[in-house]
Amino acid sequence: QVQLVESGGGLVQAGGSLRLSCAGSGSILPFNVMGWYRQAPGKERELVATQTSSASANYADSVKGRFTISRDNAKNTVYLQMNSLKPEDTAVYYCAANIRFLSGTKDYWGQGIQVTVSS
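Conventions we followed
Residues numbered from 1 in each chain as written. Predicted model: local features only at pLDDT ≥ 70, side-chain atom pairs only at ≥ 80, totals over all residues. Heavy atoms only, no water. Buried < 20%, exposed > 50% of the residue type's maximum accessible area, 1.4 Å probe, protein only. Helix = DSSP H or I, 4+ residues; strand = E, 2+ residues; numbered from the N terminus. Pairing = 2+ DSSP bridges. Salt bridge = Lys/Arg side-chain N within 4 Å of Asp/Glu carboxyl O. Contact = heavy atoms within 4.5 Å. Disulfide = S-S within 2.5 Å.

Draft legend 1. Seen up close, the pairing of strand 9 (residues 91-101). Within strand 9, eight of the 11 residues are buried, leaving the element largely enclosed by the surrounding structure. With seven bridges joining them, strand 4 (residues 31-39) and strand 9 adopt antiparallel strand pairing. Bridge pairing in strand 9 links M34 to A97. Of the strand pairs in this sheet, strand 9 and strand 11 (residues 113-118) are connected by three bridges, and their pairing is antiparallel. If you follow A91 over to strand 11, its bridge partner there is V115.

Below, the structure written as structure tokens:
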């Protein structure tokens, strides 16, 4: 059974930094795209950053220049380094990944981890 387990969230003051980690397990096939989404109270879930297995990255405009996504493919782990955090970055952050099967691509989600940025 494929699992994604996030770690590294918490409470930080505005201007501070946090590093999220997400470890994938349970798949005999490699993870294709891995990344992060977030959902703030009363808002829809939105993309934060994703990265392909060949290291091509995509960022939301709101985090460009502040957040950096990286991967360790050997460990099936994706990271999100978050710098210069703002109160509006407060949200539950979800790890996401997909696996490409012969029959198509399937998406997987972590349970989510809280990030709170105080002003």
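Okay, back to it.
Draft legend 2. A look at the pattern of salt bridges. One pass over the full model with this rule turns up four salt bridges. Between E46 and R38 there is a salt bridge, with its nearest N and O atoms 2.7 Å apart. A salt bridge links R66 to D89; the nearest nitrogen and oxygen atoms lie 2.7 Å apart. Highlighted residues: R66 in the loop between strand 6 (57-59) and strand 7 (67-72) and D89 in the loop between strand 8 (77-82) and strand 9, separated in sequence by 23 residues. Here R66 matches D89 in class, with each residue buried. By sharing partners, the salt bridges in this structure join R38, E46, R66 and D89 into a single network.

Draft legend 3. Summary view of the side chain of T50. Relative to the helices and strands, T50 is located in strand 5 (residues 46-51). Residues contacting T50, with those up to four places away along its chain left out, are V33, M34, G35, Y37, S56, A57, N58 and I69.

Draft legend 4. Spotlight on the state of the cysteines. Per the counting criterion, the structure on display carries one disulfide. A sulfur-sulfur separation of 2.0 Å characterises the disulfide bridge that pairs C22 with C95. Where C22 bonds to C95 through sulfur, the torsion about that S-S bond is close to -80°, and the disulfide is left-handed. Separated by 73 residues along the polypeptide, C22 in strand 3 (residues 18-25) and C95 in strand 9 bring together distant segments of the chain. The same class applies to C22 as to C95, namely buried.

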